[in-house]
Amino acid sequence: MPMKWKVEYEALRNALSAADLSPHLFKRLSLEKIEPDEALLGRTRDWIISLKQDPGWAILEPNLTKANAFPNAYFLAAEKGFSERSDHHHALIFEGFATHFLERKDFQSARYAILEWFRAWVRISASDYIDTFIKEVGPDLAQEEIDDLLRHLLPDILDTFFALFDDPAGLRNSLIDTVTLKFFKELSLAIQEEKTNHSTLQIDALTTAFANKIPMLNAQVNTKFLRDITELEMNGAANIMCAPFEYVRDYYATIGMSATISQQVITECVEFCWSLRKLDLDEGPAFSRAINICDFFNKDLVEKLVNVDTTSNWEAFGHNSTCSDFLVFQAELADRPARRQILELGLKICPGHRNSSLLLSFDYLHDIDDILLKSAPIPSARMMIKWGKDSIEEMFEKADACLRQAEEIYPTNEKLDKYKKRVRNEKARLGL
Amino acid sequence: MNPFDELEIDPRLDARSLTEKLRQKAEVAPPEERERIQSIWQKLTLNKSDRIKWAILAHPRPASARAGEIEKLKQSLPPILVRFPEITLVARDSDIFLMPSYAHEKQRPPHIFSEED
(Lines give C-alpha, C1' and ligand atoms only; values in the text may rest on other atoms or scores of the structure.)
Protein backbone atom coordinates (compact mmCIF):
# COMPACT_ATOMS: atom_id res chain seq x y z
CA MET A 1 0.00 0.00 0.00
CA PRO A 2 2.66 2.60 0.80
CA MET A 3 4.02 2.13 -2.78
CA LYS A 4 0.63 3.00 -4.22
CA TRP A 5 0.61 6.21 -2.28
CA LYS A 6 4.06 7.15 -3.43
CA VAL A 7 3.56 6.53 -7.16
CA GLU A 8 0.22 8.33 -7.39
CA TYR A 9 1.44 11.38 -5.55
CA GLU A 10 4.80 11.38 -7.29
CA ALA A 11 3.03 11.21 -10.65
CA LEU A 12 0.93 14.24 -9.73
CA ARG A 13 3.87 16.17 -8.39
CA ASN A 14 5.91 15.38 -11.53
CA ALA A 15 3.00 16.29 -13.77
CA LEU A 16 2.65 19.66 -12.05
CA SER A 17 6.38 20.28 -12.28
CA ALA A 18 6.44 19.33 -15.97
CA ALA A 19 3.41 21.51 -16.69
CA ASP A 20 5.29 24.38 -15.13
CA LEU A 21 8.68 23.89 -16.83
CA SER A 22 8.18 21.92 -20.06
CA PRO A 23 6.39 24.66 -22.04
CA HIS A 24 9.35 27.00 -21.45
CA LEU A 25 11.90 24.42 -22.51
CA PHE A 26 9.88 23.39 -25.57
CA LYS A 27 9.66 26.97 -26.70
CA ARG A 28 13.34 27.70 -26.09
CA LEU A 29 14.55 24.54 -27.82
CA SER A 30 12.27 25.10 -30.80
CA LEU A 31 13.83 28.55 -31.22
CA GLU A 32 10.59 30.15 -30.00
CA LYS A 33 8.64 28.57 -32.85
CA ILE A 34 6.63 25.76 -31.29
CA GLU A 35 4.02 25.92 -28.55
CA PRO A 36 3.52 22.38 -27.25
CA ASP A 37 -0.04 21.13 -26.95
CA GLU A 38 -1.43 19.29 -23.94
CA ALA A 39 -0.97 15.89 -25.56
CA LEU A 40 2.73 16.53 -26.19
CA LEU A 41 3.24 17.88 -22.69
CA GLY A 42 1.54 14.76 -21.34
CA ARG A 43 3.75 12.45 -23.40
CA THR A 44 6.95 14.17 -22.33
CA ARG A 45 6.40 14.45 -18.57
CA ASP A 46 9.32 12.20 -17.87
CA TRP A 47 11.61 14.56 -19.78
CA ILE A 48 11.78 17.21 -17.05
CA ILE A 49 12.01 14.57 -14.30
CA SER A 50 14.96 13.00 -16.07
CA LEU A 51 16.62 16.34 -16.88
CA LYS A 52 16.46 17.45 -13.27
CA GLN A 53 18.82 14.62 -12.37
CA ASP A 54 21.34 15.53 -15.09
CA PRO A 55 24.46 17.72 -14.73
CA GLY A 56 23.23 19.73 -17.72
CA TRP A 57 20.13 20.88 -15.83
CA ALA A 58 22.28 23.33 -13.85
CA ILE A 59 22.74 25.26 -17.11
CA LEU A 60 19.22 24.82 -18.47
CA GLU A 61 17.25 25.74 -15.35
CA PRO A 62 18.46 29.34 -14.82
CA ASN A 63 18.02 30.06 -18.53
CA LEU A 64 14.54 28.59 -18.99
CA THR A 65 12.88 31.97 -19.34
CA LYS A 66 15.66 33.58 -21.38
CA ALA A 67 14.89 33.18 -25.08
CA ASN A 68 18.25 34.58 -26.20
CA ALA A 69 20.21 32.05 -24.18
CA PHE A 70 19.07 29.22 -26.49
CA PRO A 71 20.17 27.13 -28.30
CA ASN A 72 23.62 27.86 -26.80
CA ALA A 73 22.45 26.97 -23.30
CA TYR A 74 21.33 23.61 -24.65
CA PHE A 75 24.68 23.00 -26.37
CA LEU A 76 26.53 23.82 -23.14
CA ALA A 77 24.18 21.64 -21.14
CA ALA A 78 24.77 18.77 -23.57
CA GLU A 79 28.51 19.20 -23.07
CA LYS A 80 28.04 19.11 -19.31
CA GLY A 81 26.05 15.93 -19.65
CA PHE A 82 22.62 14.46 -20.18
CA SER A 83 21.56 10.99 -19.20
CA GLU A 84 20.65 8.57 -21.99
CA ARG A 85 17.03 8.76 -20.83
CA SER A 86 17.01 12.54 -21.32
CA ASP A 87 18.70 12.16 -24.69
CA HIS A 88 16.11 9.57 -25.64
CA HIS A 89 13.53 12.33 -25.11
CA HIS A 90 15.72 14.83 -26.97
CA ALA A 91 16.02 12.56 -30.00
CA LEU A 92 12.24 12.21 -30.21
CA ILE A 93 11.56 15.87 -29.49
CA PHE A 94 14.00 17.08 -32.15
CA GLU A 95 12.55 14.55 -34.59
CA GLY A 96 9.18 16.24 -34.06
CA PHE A 97 10.75 19.69 -34.46
CA ALA A 98 12.48 18.64 -37.68
CA THR A 99 9.21 17.39 -39.17
CA HIS A 100 7.44 20.58 -38.14
CA PHE A 101 10.13 22.81 -39.69
CA LEU A 102 10.45 20.77 -42.87
CA GLU A 103 6.71 20.88 -43.45
CA ARG A 104 6.97 24.67 -43.32
CA LYS A 105 10.18 24.76 -45.39
CA ASP A 106 11.94 26.55 -42.55
CA PHE A 107 15.28 25.09 -43.57
CA GLN A 108 17.52 26.93 -41.16
CA SER A 109 15.56 25.65 -38.18
CA ALA A 110 15.18 22.21 -39.79
CA ARG A 111 18.93 21.92 -40.16
CA TYR A 112 19.41 22.71 -36.47
CA ALA A 113 16.69 20.22 -35.45
CA ILE A 114 18.02 17.40 -37.63
CA LEU A 115 21.57 17.94 -36.41
CA GLU A 116 20.43 17.89 -32.78
CA TRP A 117 18.31 14.80 -33.49
CA PHE A 118 21.42 13.15 -34.91
CA ARG A 119 23.64 14.27 -32.01
CA ALA A 120 21.14 12.99 -29.44
CA TRP A 121 21.18 9.56 -31.09
CA VAL A 122 24.96 9.61 -31.22
CA ARG A 123 25.11 10.33 -27.47
CA ILE A 124 22.55 7.61 -26.73
CA SER A 125 24.46 5.13 -28.83
CA ALA A 126 27.70 5.82 -26.97
CA SER A 127 26.38 3.66 -24.10
CA ASP A 128 24.58 0.34 -23.92
CA TYR A 129 21.25 2.11 -23.29
CA ILE A 130 19.57 0.85 -26.46
CA ASP A 131 20.90 -2.69 -26.05
CA THR A 132 19.65 -2.82 -22.48
CA PHE A 133 16.33 -1.34 -23.55
CA ILE A 134 15.87 -3.97 -26.24
CA LYS A 135 16.82 -6.80 -23.88
CA GLU A 136 14.28 -5.51 -21.40
CA VAL A 137 11.44 -4.98 -23.86
CA GLY A 138 12.07 -7.91 -26.16
CA PRO A 139 14.14 -10.48 -24.29
CA ASP A 140 13.22 -13.24 -26.74
CA LEU A 141 14.32 -11.33 -29.85
CA ALA A 142 17.08 -13.06 -31.84
CA GLN A 143 20.34 -11.16 -32.38
CA GLU A 144 19.74 -11.11 -36.14
CA GLU A 145 16.36 -9.50 -35.60
CA ILE A 146 17.92 -6.91 -33.25
CA ASP A 147 20.62 -6.09 -35.80
CA ASP A 148 18.06 -5.76 -38.54
CA LEU A 149 15.92 -3.51 -36.35
CA LEU A 150 18.84 -1.24 -35.46
CA ARG A 151 20.04 -1.09 -39.03
CA HIS A 152 16.71 0.29 -40.21
CA LEU A 153 15.66 2.29 -37.18
CA LEU A 154 17.26 5.65 -37.93
CA PRO A 155 17.52 5.48 -41.75
CA ASP A 156 13.73 4.93 -41.80
CA ILE A 157 13.24 8.19 -39.90
CA LEU A 158 15.68 9.88 -42.23
CA ASP A 159 13.57 8.70 -45.16
CA THR A 160 10.49 10.31 -43.64
CA PHE A 161 12.43 13.59 -43.29
CA PHE A 162 13.56 13.49 -46.88
CA ALA A 163 10.11 12.50 -48.09
CA LEU A 164 9.01 15.93 -46.86
CA PHE A 165 11.34 17.62 -49.31
CA ASP A 166 8.76 16.97 -52.01
CA ASP A 167 10.98 16.35 -54.99
CA PRO A 168 13.67 19.07 -54.73
CA ALA A 169 15.37 17.71 -57.84
CA GLY A 170 12.20 18.16 -59.90
CA LEU A 171 12.17 14.51 -60.91
CA ARG A 172 8.48 14.70 -61.69
CA ASN A 173 8.18 18.13 -63.23
CA SER A 174 11.71 19.16 -64.33
CA LEU A 175 11.62 22.25 -62.14
CA ILE A 176 14.48 22.27 -59.66
CA ASP A 177 13.74 23.57 -56.20
CA THR A 178 17.22 25.04 -55.74
CA VAL A 179 16.59 26.35 -52.21
CA THR A 180 15.51 22.95 -50.94
CA LEU A 181 18.25 21.24 -52.89
CA LYS A 182 20.89 23.50 -51.39
CA PHE A 183 19.58 22.68 -47.92
CA PHE A 184 19.63 18.99 -48.81
CA LYS A 185 23.27 19.23 -49.80
CA GLU A 186 24.39 21.34 -46.84
CA LEU A 187 22.65 19.05 -44.39
CA SER A 188 24.28 15.95 -45.88
CA LEU A 189 27.68 17.61 -45.67
CA ALA A 190 27.06 18.80 -42.10
CA ILE A 191 26.14 15.29 -40.97
CA GLN A 192 29.19 13.82 -42.64
CA GLU A 193 31.35 16.36 -40.81
CA GLU A 194 29.91 15.37 -37.44
CA LYS A 195 32.52 13.50 -35.48
CA THR A 196 31.36 10.19 -34.13
CA ASN A 197 34.09 8.59 -32.12
CA HIS A 198 32.37 5.30 -31.74
CA SER A 199 30.77 2.92 -34.16
CA THR A 200 27.37 1.34 -33.58
CA LEU A 201 25.05 -0.39 -35.96
CA GLN A 202 22.38 2.30 -35.84
CA ILE A 203 24.76 5.28 -36.15
CA ASP A 204 26.80 3.65 -38.90
CA ALA A 205 23.60 2.88 -40.77
CA LEU A 206 22.47 6.47 -40.36
CA THR A 207 25.73 8.06 -41.51
CA THR A 208 25.83 5.69 -44.48
CA ALA A 209 22.24 6.57 -45.32
CA PHE A 210 23.13 10.27 -45.18
CA ALA A 211 26.21 9.74 -47.33
CA ASN A 212 24.16 7.80 -49.87
CA LYS A 213 21.38 10.35 -50.17
CA ILE A 214 23.09 12.64 -52.67
CA PRO A 215 24.58 9.87 -54.85
CA MET A 216 21.12 8.26 -54.91
CA LEU A 217 19.49 11.52 -55.93
CA ASN A 218 22.23 12.07 -58.53
CA ALA A 219 21.49 8.63 -59.96
CA GLN A 220 17.78 9.48 -60.22
CA VAL A 221 18.57 12.79 -61.89
CA ASN A 222 20.95 11.12 -64.34
CA THR A 223 18.36 8.48 -65.21
CA LYS A 224 15.80 11.18 -65.87
CA PHE A 225 18.29 13.16 -67.98
CA LEU A 226 19.24 10.16 -70.09
CA ARG A 227 15.60 9.19 -70.56
CA ASP A 228 14.64 12.72 -71.60
CA ILE A 229 17.55 13.07 -73.99
CA THR A 230 16.78 9.69 -75.59
CA GLU A 231 13.16 10.64 -76.15
CA LEU A 232 14.10 14.01 -77.63
CA GLU A 233 12.52 15.07 -80.94
CA MET A 234 15.23 16.68 -83.02
CA ASN A 235 12.97 19.07 -84.91
CA GLY A 236 11.44 20.73 -81.88
CA ALA A 237 11.90 24.23 -80.53
CA ALA A 238 15.36 25.06 -79.16
CA ASN A 239 14.16 25.55 -75.58
CA ILE A 240 12.38 22.18 -75.60
CA MET A 241 15.31 20.35 -77.17
CA CYS A 242 17.74 21.88 -74.70
CA ALA A 243 15.52 21.41 -71.63
CA PRO A 244 17.27 18.19 -70.47
CA PHE A 245 20.64 19.96 -70.59
CA GLU A 246 19.26 22.93 -68.66
CA TYR A 247 17.76 20.54 -66.11
CA VAL A 248 21.05 18.78 -65.32
CA ARG A 249 22.94 22.07 -65.42
CA ASP A 250 20.59 23.63 -62.81
CA TYR A 251 20.71 20.52 -60.66
CA TYR A 252 24.48 20.07 -60.64
CA ALA A 253 25.17 23.78 -60.32
CA THR A 254 23.40 23.51 -56.96
CA ILE A 255 24.51 20.13 -55.72
CA GLY A 256 28.09 20.10 -57.06
CA MET A 257 29.29 17.56 -59.54
CA SER A 258 31.69 14.81 -60.34
CA ALA A 259 33.74 14.18 -63.45
CA THR A 260 31.49 11.22 -64.18
CA ILE A 261 28.44 13.39 -64.69
CA SER A 262 30.43 16.03 -66.59
CA GLN A 263 31.70 13.52 -69.10
CA GLN A 264 28.26 11.93 -69.35
CA VAL A 265 26.56 15.25 -70.15
CA ILE A 266 29.31 16.30 -72.54
CA THR A 267 29.09 12.97 -74.38
CA GLU A 268 25.34 13.48 -74.78
CA CYS A 269 25.81 17.09 -75.87
CA VAL A 270 28.39 16.15 -78.51
CA GLU A 271 26.03 13.43 -79.79
CA PHE A 272 23.21 15.97 -79.85
CA CYS A 273 25.31 18.48 -81.82
CA TRP A 274 26.38 15.84 -84.35
CA SER A 275 22.73 14.86 -84.82
CA LEU A 276 21.83 18.49 -85.48
CA ARG A 277 24.67 18.78 -87.98
CA LYS A 278 23.61 15.63 -89.81
CA LEU A 279 20.11 17.10 -90.09
CA ASP A 280 21.50 20.48 -91.23
CA LEU A 281 20.07 22.08 -88.12
CA ASP A 282 23.42 23.23 -86.70
CA GLU A 283 22.84 26.77 -87.86
CA GLY A 284 19.72 26.95 -85.67
CA PRO A 285 19.50 28.24 -82.12
CA ALA A 286 19.43 24.78 -80.48
CA PHE A 287 23.07 24.14 -81.42
CA SER A 288 24.50 27.25 -79.79
CA ARG A 289 22.10 27.00 -76.87
CA ALA A 290 23.19 23.43 -76.07
CA ILE A 291 26.85 24.42 -76.31
CA ASN A 292 26.37 27.43 -74.04
CA ILE A 293 24.49 25.39 -71.42
CA CYS A 294 26.95 22.53 -71.41
CA ASP A 295 29.99 24.79 -71.25
CA PHE A 296 29.41 24.59 -67.47
CA PHE A 297 30.16 20.86 -67.54
CA ASN A 298 32.98 21.06 -70.05
CA LYS A 299 34.85 23.63 -67.99
CA ASP A 300 34.71 21.21 -65.08
CA LEU A 301 35.85 18.35 -67.29
CA VAL A 302 38.73 20.42 -68.71
CA GLU A 303 39.90 21.36 -65.24
CA LYS A 304 39.82 17.76 -64.10
CA LEU A 305 41.58 16.49 -67.23
CA VAL A 306 44.31 19.11 -66.96
CA ASN A 307 44.89 18.13 -63.33
CA VAL A 308 44.34 14.44 -63.79
CA ASP A 309 47.98 13.64 -63.05
CA THR A 310 48.21 15.63 -59.87
CA THR A 311 44.85 14.98 -58.28
CA SER A 312 42.54 12.07 -57.82
CA ASN A 313 40.31 13.09 -60.73
CA TRP A 314 40.57 9.58 -62.11
CA GLU A 315 36.89 9.65 -63.12
CA ALA A 316 37.77 12.11 -65.87
CA PHE A 317 40.54 9.89 -67.21
CA GLY A 318 39.99 8.72 -70.75
CA HIS A 319 37.37 11.27 -71.72
CA ASN A 320 39.81 13.66 -73.36
CA SER A 321 38.52 13.09 -76.85
CA THR A 322 34.89 13.87 -75.92
CA CYS A 323 36.00 17.02 -74.17
CA SER A 324 37.95 18.18 -77.25
CA ASP A 325 35.01 17.31 -79.54
CA PHE A 326 32.91 19.70 -77.50
CA LEU A 327 35.64 22.36 -77.66
CA VAL A 328 35.65 22.12 -81.46
CA PHE A 329 31.90 22.86 -81.57
CA GLN A 330 32.44 25.68 -79.12
CA ALA A 331 35.29 27.07 -81.23
CA GLU A 332 33.05 27.09 -84.30
CA LEU A 333 30.74 29.49 -82.48
CA ALA A 334 33.53 31.64 -81.06
CA ASP A 335 35.09 34.72 -82.59
CA ARG A 336 38.80 35.13 -83.10
CA PRO A 337 41.12 35.19 -81.12
CA ALA A 338 39.07 33.23 -78.58
CA ARG A 339 38.59 30.50 -81.17
CA ARG A 340 42.33 29.77 -81.35
CA GLN A 341 42.58 29.58 -77.55
CA ILE A 342 39.72 27.09 -77.43
CA LEU A 343 41.27 24.94 -80.16
CA GLU A 344 44.69 25.04 -78.52
CA LEU A 345 43.05 23.92 -75.29
CA GLY A 346 41.38 21.08 -77.20
CA LEU A 347 44.78 19.95 -78.48
CA LYS A 348 46.30 20.25 -75.04
CA ILE A 349 43.56 18.06 -73.60
CA CYS A 350 43.74 15.55 -76.43
CA PRO A 351 47.02 15.82 -78.38
CA GLY A 352 46.54 14.98 -82.05
CA HIS A 353 42.75 15.45 -81.86
CA ARG A 354 41.82 15.45 -85.55
CA ASN A 355 39.14 18.12 -85.69
CA SER A 356 40.96 20.44 -83.30
CA SER A 357 44.12 20.11 -85.42
CA LEU A 358 42.22 20.69 -88.64
CA LEU A 359 40.42 23.76 -87.38
CA LEU A 360 43.51 25.21 -85.74
CA SER A 361 45.46 24.66 -88.96
CA PHE A 362 42.75 26.53 -90.86
CA ASP A 363 42.84 29.26 -88.25
CA TYR A 364 46.53 29.86 -89.00
CA LEU A 365 45.74 29.91 -92.70
CA HIS A 366 43.08 32.47 -91.91
CA ASP A 367 45.85 34.64 -90.45
CA ILE A 368 47.65 34.38 -93.81
CA ASP A 369 44.46 35.58 -95.51
CA ASP A 370 44.59 38.65 -93.30
CA ILE A 371 48.24 39.29 -94.12
CA LEU A 372 47.66 38.90 -97.84
CA LEU A 373 44.69 41.21 -97.63
CA LYS A 374 46.90 43.86 -96.03
CA SER A 375 49.75 43.45 -98.48
CA ALA A 376 47.61 43.45 -101.66
CA PRO A 377 47.23 47.26 -101.92
CA ILE A 378 50.94 47.89 -101.30
CA PRO A 379 52.70 48.84 -104.56
CA SER A 380 55.93 46.98 -105.15
CA ALA A 381 57.74 50.35 -105.54
CA ARG A 382 57.15 51.03 -101.90
CA MET A 383 59.60 48.28 -101.11
CA MET A 384 62.31 50.69 -102.12
CA ILE A 385 61.65 52.67 -98.97
CA LYS A 386 63.74 51.26 -96.16
CA TRP A 387 61.32 51.63 -93.26
CA GLY A 388 58.46 50.20 -95.31
CA LYS A 389 60.54 47.23 -96.35
CA ASP A 390 61.29 46.24 -92.76
CA SER A 391 57.65 46.20 -91.65
CA ILE A 392 56.53 44.28 -94.74
CA GLU A 393 59.31 41.76 -94.28
CA GLU A 394 58.16 41.33 -90.73
CA MET A 395 54.59 40.77 -91.96
CA PHE A 396 55.69 37.99 -94.29
CA GLU A 397 57.90 36.43 -91.66
CA LYS A 398 54.72 36.07 -89.69
CA ALA A 399 52.97 34.59 -92.74
CA ASP A 400 55.76 32.01 -93.06
CA ALA A 401 55.47 31.19 -89.39
CA CYS A 402 51.71 30.71 -89.80
CA LEU A 403 52.30 28.38 -92.73
CA ARG A 404 54.78 26.34 -90.68
CA GLN A 405 52.34 26.16 -87.76
CA ALA A 406 49.45 25.15 -90.00
CA GLU A 407 51.56 22.42 -91.58
CA GLU A 408 52.96 21.21 -88.29
CA ILE A 409 49.54 20.98 -86.69
CA TYR A 410 47.81 19.30 -89.62
CA PRO A 411 50.28 18.26 -92.33
CA THR A 412 47.62 16.84 -94.60
CA ASN A 413 45.64 20.06 -94.79
CA GLU A 414 44.69 20.12 -98.47
CA LYS A 415 44.79 23.92 -98.62
CA LEU A 416 48.40 24.22 -97.50
CA ASP A 417 49.87 24.12 -101.03
CA LYS A 418 47.49 26.79 -102.26
CA TYR A 419 48.46 29.11 -99.40
CA LYS A 420 52.15 28.43 -99.83
CA LYS A 421 51.81 29.40 -103.49
CA ARG A 422 49.90 32.59 -102.68
CA VAL A 423 52.50 33.69 -100.14
CA ARG A 424 55.34 32.88 -102.52
CA ASN A 425 53.71 34.90 -105.32
CA GLU A 426 53.04 37.88 -103.11
CA LYS A 427 56.58 37.88 -101.79
CA ALA A 428 57.87 37.77 -105.35
CA ARG A 429 55.65 40.67 -106.34
CA LEU A 430 57.04 42.75 -103.51
CA GLY A 431 60.57 41.68 -104.22
CA LEU A 432 61.17 39.97 -100.90
CA MET B 1 1.54 8.56 -34.41
CA ASN B 2 3.41 6.15 -32.18
CA PRO B 3 0.87 3.60 -30.83
CA PHE B 4 2.40 3.70 -27.35
CA ASP B 5 1.97 7.48 -27.26
CA GLU B 6 -1.47 7.25 -28.83
CA LEU B 7 -2.81 5.00 -26.08
CA GLU B 8 -0.63 6.43 -23.33
CA ILE B 9 0.88 3.10 -22.41
CA ASP B 10 4.29 2.31 -21.06
CA PRO B 11 6.56 1.34 -23.98
CA ARG B 12 8.55 -0.98 -21.74
CA LEU B 13 5.63 -3.38 -21.30
CA ASP B 14 6.28 -6.88 -22.61
CA ALA B 15 3.86 -8.46 -25.06
CA ARG B 16 1.83 -10.21 -22.38
CA SER B 17 1.46 -7.15 -20.14
CA LEU B 18 0.71 -5.02 -23.17
CA THR B 19 -2.08 -7.36 -24.25
CA GLU B 20 -3.53 -7.31 -20.74
CA LYS B 21 -3.34 -3.53 -20.55
CA LEU B 22 -5.03 -3.09 -23.93
CA ARG B 23 -7.67 -5.67 -23.04
CA GLN B 24 -8.53 -3.66 -19.94
CA LYS B 25 -8.78 -0.50 -22.00
CA ALA B 26 -10.89 -2.19 -24.67
CA GLU B 27 -13.33 -3.59 -22.12
CA VAL B 28 -14.42 -0.15 -21.00
CA ALA B 29 -14.14 1.56 -24.38
CA PRO B 30 -17.06 2.35 -26.74
CA PRO B 31 -17.29 0.11 -29.88
CA GLU B 32 -15.43 2.42 -32.30
CA GLU B 33 -12.66 3.05 -29.76
CA ARG B 34 -12.48 -0.69 -29.17
CA GLU B 35 -11.78 -1.24 -32.88
CA ARG B 36 -8.98 1.32 -32.76
CA ILE B 37 -7.45 -0.37 -29.73
CA GLN B 38 -7.72 -3.71 -31.49
CA SER B 39 -5.91 -2.41 -34.57
CA ILE B 40 -3.16 -0.92 -32.41
CA TRP B 41 -2.85 -4.19 -30.54
CA GLN B 42 -2.41 -5.99 -33.87
CA LYS B 43 0.13 -3.41 -34.97
CA LEU B 44 2.16 -3.96 -31.82
CA THR B 45 1.91 -7.69 -31.41
CA LEU B 46 1.92 -9.19 -34.90
CA ASN B 47 5.61 -8.52 -35.31
CA LYS B 48 7.97 -8.54 -32.34
CA SER B 49 10.46 -6.21 -34.02
CA ASP B 50 7.74 -3.68 -34.74
CA ARG B 51 6.71 -3.53 -31.09
CA ILE B 52 10.31 -2.92 -30.06
CA LYS B 53 10.84 -0.34 -32.77
CA TRP B 54 7.75 1.57 -31.64
CA ALA B 55 8.91 1.23 -28.03
CA ILE B 56 12.28 2.79 -28.85
CA LEU B 57 10.56 5.59 -30.72
CA ALA B 58 8.16 6.37 -27.86
CA HIS B 59 8.96 8.75 -25.03
CA PRO B 60 10.09 6.92 -21.89
CA ARG B 61 7.10 6.81 -19.59
CA PRO B 62 7.85 5.41 -16.13
CA ALA B 63 5.04 5.08 -13.60
CA SER B 64 6.16 8.28 -11.90
CA ALA B 65 5.59 10.23 -15.12
CA ARG B 66 2.23 8.93 -16.23
CA ALA B 67 0.33 10.85 -18.85
CA GLY B 68 -3.22 12.14 -18.66
CA GLU B 69 -4.86 15.36 -17.57
CA ILE B 70 -3.72 16.74 -14.25
CA GLU B 71 -7.31 16.85 -12.96
CA LYS B 72 -7.64 13.13 -13.67
CA LEU B 73 -4.38 12.48 -11.88
CA LYS B 74 -5.74 14.38 -8.88
CA GLN B 75 -8.91 12.31 -8.97
CA SER B 76 -6.93 9.11 -9.16
CA LEU B 77 -5.16 9.86 -5.88
CA PRO B 78 -5.99 7.19 -3.33
CA PRO B 79 -7.94 8.35 -0.23
CA ILE B 80 -5.87 9.49 2.74
CA LEU B 81 -5.51 6.58 5.07
CA VAL B 82 -6.13 7.41 8.80
CA ARG B 83 -3.61 5.89 11.11
CA PHE B 84 -5.73 6.30 14.34
CA PRO B 85 -9.46 5.82 14.82
CA GLU B 86 -11.46 8.99 14.47
CA ILE B 87 -12.21 10.74 17.84
CA THR B 88 -15.86 11.48 18.36
CA LEU B 89 -16.32 14.94 19.87
CA VAL B 90 -19.28 15.41 22.18
CA ALA B 91 -20.42 18.87 23.32
CA ARG B 92 -20.73 19.33 27.09
CA ASP B 93 -22.43 22.00 29.18
CA SER B 94 -19.14 23.72 29.93
CA ASP B 95 -18.58 24.29 26.20
CA ILE B 96 -21.33 26.93 26.09
CA PHE B 97 -19.36 29.28 28.43
CA LEU B 98 -17.26 31.72 26.53
CA MET B 99 -14.06 32.58 28.28
CA PRO B 100 -12.62 36.09 27.73
CA SER B 101 -9.50 36.22 25.62
CA TYR B 102 -6.33 37.33 27.37
CA ALA B 103 -4.14 36.98 24.39
CA HIS B 104 -3.50 40.72 24.18
CA GLU B 105 -2.35 40.76 27.80
CA LYS B 106 1.35 40.21 28.11
CA GLN B 107 1.14 39.54 31.77
CA ARG B 108 -0.92 37.00 33.59
CA PRO B 109 -4.70 37.78 33.67
CA PRO B 110 -5.97 39.83 36.62
CA HIS B 111 -7.60 38.03 39.50
CA ILE B 112 -11.32 38.03 39.09
CA PHE B 113 -11.96 37.05 42.63
CA SER B 114 -10.45 38.61 45.76
CA GLU B 115 -8.27 36.62 48.10
CA GLU B 116 -10.96 36.66 50.71
CA ASP B 117 -13.11 34.56 48.44
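Look up a bit, the structure's there.
Let us look at the structure shown here. (Residues numbered from 1 in each chain as written. Chains lettered and ligands numbered in written order. Predicted model: local features only at pLDDT ≥ 70, side-chain atom pairs only at ≥ 80, totals over all residues. Heavy atoms only, no water.)

1. Some words on the packing of aromatic side chains
And step 1. Inspection of the entire model under this criterion finds 25 aromatic pairs over all chains.
And step 2. Seen in terms of ring centroids, Phe107(A) and Phe183(A) are 4.7 Å apart; in terms of plane orientation they differ by 20°. Their pairing is stacked. Of this pair, Phe107(A) sits in helix α7 (residues 107-125) while Phe183(A) sits in helix α10 (residues 178-193), and the two are 76 residues apart along the sequence. Each member of the pair Phe107(A) and Phe183(A) is classed as buried.
And step 3. Look at Phe162(A) and Phe184(A): their rings are 4.9 Å apart centre to centre, the planes differ by 85°, and that puts the pair in the edge-to-face class. With Phe162(A) in helix α9 (residues 143-163) and Phe184(A) in helix α10, this residue pair connects regions lying 22 residues apart in the sequence.
And step 4. Phe162(A) gets classed as buried once you look at its relative accessible area, which sits at 10%.
And step 5. Three or more aromatic residues joined by ring pairs form one cluster here, namely Phe26(A), Trp47(A), Tyr74(A), Phe75(A), Phe82(A), Phe94(A), Phe97(A), Phe101(A) and Tyr112(A).
And step 6. When the ring centre of Trp54(B) is taken as origin, the NZ or CZ atom of Lys53(B), which lies over that ring, is 5.0 Å away. (Phe/Tyr/Trp six-rings, centres within 6.5 Å; stacked < 30°, edge-to-face > 60°. Helix = DSSP H or I, 4+ residues; strand = E, 2+ residues; numbered from the N terminus. Buried < 20%, exposed > 50% of the residue type's maximum accessible area, 1.4 Å probe, protein only. Lys NZ or Arg CZ within 6 Å of the ring centre and 35° of its normal.)

2. As for the interface of chain B and chain A
Often the size quoted for an interface is simply the accessible area lost on bringing the parts together.
And step 1. Across the contact, 34 residues belong to chain B and 36 residues belong to chain A.
And step 2. Buried surface at the junction of chain B and chain A, both sides included, amounts to about 3,300 Å², of which 68% is carbon and sulfur.
And step 3. Looking at the side of chain B facing chain A, the largest losses of area belong to Arg12(B), Ile56(B) and His59(B), adding up to 23% of the total buried there.
And step 4. The interface formed by chain B and chain A holds three salt bridges in total.
And step 5. As a salt-bridge pair, Asp140(A) and Lys48(B) come within 3.9 Å of each other at their nearest N and O atoms.
And step 6. In this structure, the connection of chain B to chain A is made through four residue pairs in polar contact (both at pLDDT 80 or more).
And step 7. No other element matches helix α4 (residues 48-56) of chain B, which puts seven residues into the side of chain B that touches chain A.
And step 8. Considered class by class, the residues forming the side of chain B that touches chain A number 20 nonpolar, five polar and nine charged. (Contact = heavy atoms within 4.5 Å. Buried area = accessible area lost by both parts, 1.4 Å probe. Salt bridge = Lys/Arg side-chain N within 4 Å of Asp/Glu carboxyl O. Polar contact = N/O pair within 3.5 Å; in protein donor to acceptor, adjacent residues only side chain to side chain. Nonpolar A, V, L, I, M, F, W, Y, C, P; charged D, E, K, R; others polar.)

3. Some words on unusual backbone geometry
Residues and elements named next belong to chain A.
And step 1. With an omega dihedral of 5°, the bond running from Phe70 to Pro71 counts as a cis peptide bond.
And step 2. For Pro71, the position within the fold is in the loop between α4 (57-63) and α5 (72-80).
And step 3. Following Arg336, the chain continues into Pro337 via a peptide bond in cis, with omega recorded as 10°.
And step 4. Of note in this structure, Glu32 is not a glycine but carries a positive phi near 70°.

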